[in-house]
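# Structural overview for review
One letter stands for each residue in the lines below.
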Amino acid sequence: MIKLKKCLDLQVVIILIWVLQSFVVTAMDMWWNLGVVGGAEVWRNQKVYILGAQPMCSQLKGLSLGQTKLCQMYHDHMPSIGRGAQLGIRECQYQFRFRRWNCTIIQGDSSVFGPVIEIASREASFTHAISAAGVVHAISRSCREGELASCGCSRALRPKDLDRDWIWGGCGDNIEYGYRFARAFVDVREREKNHPRHSAELSRMMMNLHNNEAGRRSVYNYAKVACKCHGVSGSCSLKTCWQQLPTFREIGDRLKERYDGAVESKFNKRGTKLVRKHKKYNKPTKEDLVYLDESPDYCVVNPKTGSLGTVGRECNKGSDGMDGCNLMCCGRGYNTFKRKLVERCNCRFVWCCQVKCKTCESIVDIHVCK
Ligand SMILES: *[C@@H]1O[C@H](CO)[C@@H](O)[C@H](O)[C@H]1NC(C)=O
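Residues numbered from 1 in each chain as written. Predicted model: local features only at pLDDT ≥ 70, side-chain atom pairs only at ≥ 80, totals over all residues. Heavy atoms only, no water.

### Remarks on the packing of aromatic side chains
Under the defined criterion, the tally for this structure stands at 12 aromatic pairs. Between Tyr179 and Tyr220, the ring centres sit 4.8 Å apart and the planes meet at 50 degrees, which makes this aromatic pair tilted. Of this pair, Tyr179 sits in helix 8 (residues 175-191) while Tyr220 sits in helix 9 (residues 199-220), and the two are 41 residues apart along the sequence. With relative accessibility at 12%, the residue Tyr179 sits in the buried group. When the ring of Phe181 is compared with that of Phe185, the centres are 6.3 Å apart and the planes differ by 15 degrees; the resulting orientation is stacked. Of the two residues, Phe181 and Phe185 both sit in helix 8, 4 residues apart, roughly one turn of that helix. (Phe/Tyr/Trp six-rings, centres within 6.5 Å; stacked < 30°, edge-to-face > 60°. Helix = DSSP H or I, 4+ residues; strand = E, 2+ residues; numbered from the N terminus. Buried < 20%, exposed > 50% of the residue type's maximum accessible area, 1.4 Å probe, protein only.)

Spelled out as structure tokens, the structure:
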């Protein structure tokens, strides 16, 4: 009897080890590093960078093999990619500022957002989409600004609904090029994982590719037309128009909506593609975000998931939403402090040309999660 029990115990231990192993997070270097301090320093001194273009690419933190090759071929694109990553990270932090997971950068972590992002969660889907969108945005604009050797103004066709009297011909953001380059650069790291061994790796790869594409489309599909007036003393009898990127805030807002409506997915039976997990939800389109795993609750510090917890986070006492103290503090309650707020106030215009303000002090209550 005892023997049998020992035997069972051993089995349990083996299974436990196996389960734990599949949770062990592997270090995931991300090109997003190009958008954070340290990565950014490389771009600040572009001269050094261009002088030593080739060795520099292999020194950059977070590039995959294929990305290093693209860096060597298109080294003038790298500052834009750094800016794109930075755009994505900043927008992520703005969109999630009132949420339990708030897109914190983990200093010194090569995956930028830490192990949290290695879970195939909604949050991972958002970070992939927004950073891919950042690259499309930054490259498209750099083409227009004439910063890149291999592209220039957009050659997009004249929109059919543009007023016939207006001229189509200003130098527009080259979103077609930005989209193509971002697709090559961002996706290569997924595609070069040639034969993922486990179906978990394969489905994660497909998830990342899907969300990268969703991010790029959130820019590409929302190109706008901008125009400038000409004509006698601003009569606007003549207009010149061109293709213009949406603002990055609009892109962030849209992707945040996609995050809220992200579709839980799984492998189909044949293991060839991702399909929605629950039939009652709509099939994901190419613009939707998809995810595989439930998120951790992000309530408490958990080194295994990488969750930082919400102790010490500010919350909004009057709100029922995610920023409200109830949800943000996960029911643990909060402490209230007084904070002195110093503001400019009672400003008036003094002829000419000054604005004079007073400084006003007020005491406000702030609430902080226990
Ligand atoms: C984001 O969350 C972390 C950890 O909970 C916290 O240290 C940081 O101050 C938060 N950032 C903002 C902008 O609220």
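After that view, the rundown keeps rolling.
### Regarding the pairing of strand 3 (residues 238-244)
For strand 3, a buried count of 5 out of 7 residues is recorded, marking the element as mostly surrounded by other parts of the structure. Relative to strand 3, strand 2 (residues 224-230) runs antiparallel, the two being bridged by 7 bridges. Residue pairing across strands places Val225 opposite Gln243, the latter belonging to strand 3. (Pairing = 2+ DSSP bridges.)

### Focus: the environment of Tyr298
Among the structural elements, Tyr298 can be located in the loop between strand 6 (290-291) and strand 7 (301-302). Taking the C-alpha atoms as reference points, Tyr298 and Leu308, separated by 10 residues in sequence, lie 6.7 Å from one another. In this structure, Tyr298 is in contact with Arg100, Trp101, Val116, Ser121, Glu123, Ser307, Gly309 and Thr310, ignoring residues within four places of it in sequence. There is a polar contact of 2.6 Å between the side chain of Tyr298 and the side chain of Glu123. (Contact = heavy atoms within 4.5 Å. Polar contact = N/O pair within 3.5 Å; in protein donor to acceptor, adjacent residues only side chain to side chain.)

### A few points about the pairing of strand 11 (residues 354-369)
Note that strand 9 (residues 314-315) and strand 11 share 2 bridges and pair antiparallel. Within strand 11, the residue paired with Glu314 across the bridge is Val368. Of the pairings in the sheet, the one linking strand 10 (residues 334-350) to strand 11 comprises 15 bridges and is antiparallel in character. Note on strand 11: the bridge partner recorded for Tyr334 is Cys369. Linking strand 10 to strand 11, which pair antiparallel, is a turn of 3 residues.

### Describing the sheet that holds strand 6
Pairing is mixed in the open sheet, where 3 strands are placed in the order 5-4-6. For this open sheet the edge positions go to strand 5 (274-276) and strand 6, each flanked by a neighbour on one side alone. Direction of pairing for strand 4 (residues 263-267) relative to strand 5: antiparallel, over a ladder of 3 bridges. In the sheet register, Phe267 faces strand 5, and the bridge partner there is Leu274.

### Brief notes about a nonpolar patch on the surface
A surface patch of nonpolar side chains, about 440 Å² in accessible area, is lined by Phe349, Trp351 and Val355. Counting through the fold element by element, Trp351 comes out in the loop between strand 10 and strand 11. For Trp351, a relative accessible area of 77% gives the class exposed. (Patch = residues over 30% accessible without salt bridge, like charges linked within 9 Å, V, L, I, M, F, W, Y side chains within 5 Å. Areas by Shrake-Rupley, 256 points an atom, 1.4 Å probe, with all protein chains shown as cover. Salt bridge = Lys/Arg side-chain N within 4 Å of Asp/Glu carboxyl O.)

### Quick look at the site of the ligand
Taken together, Asn102, Thr104, Leu308, Gly309 and Arg313 make up the full set of residues adjacent to the ligand. At 2.4 Å from an oxygen atom of the ligand is found a side-chain nitrogen or oxygen belonging to Asn102. For the ligand, an oxygen atom lies 3.1 Å from a polar atom in the backbone of Gly309. For the ligand, the accessible surface in isolation is 360 Å², of which the surrounding protein chains cover 46%. In terms of residue class, the shell around the ligand is made up of 1 nonpolar, 3 polar and 1 charged. (Near = heavy atom within 4 Å. Nonpolar A, V, L, I, M, F, W, Y, C, P; charged D, E, K, R; others polar.)

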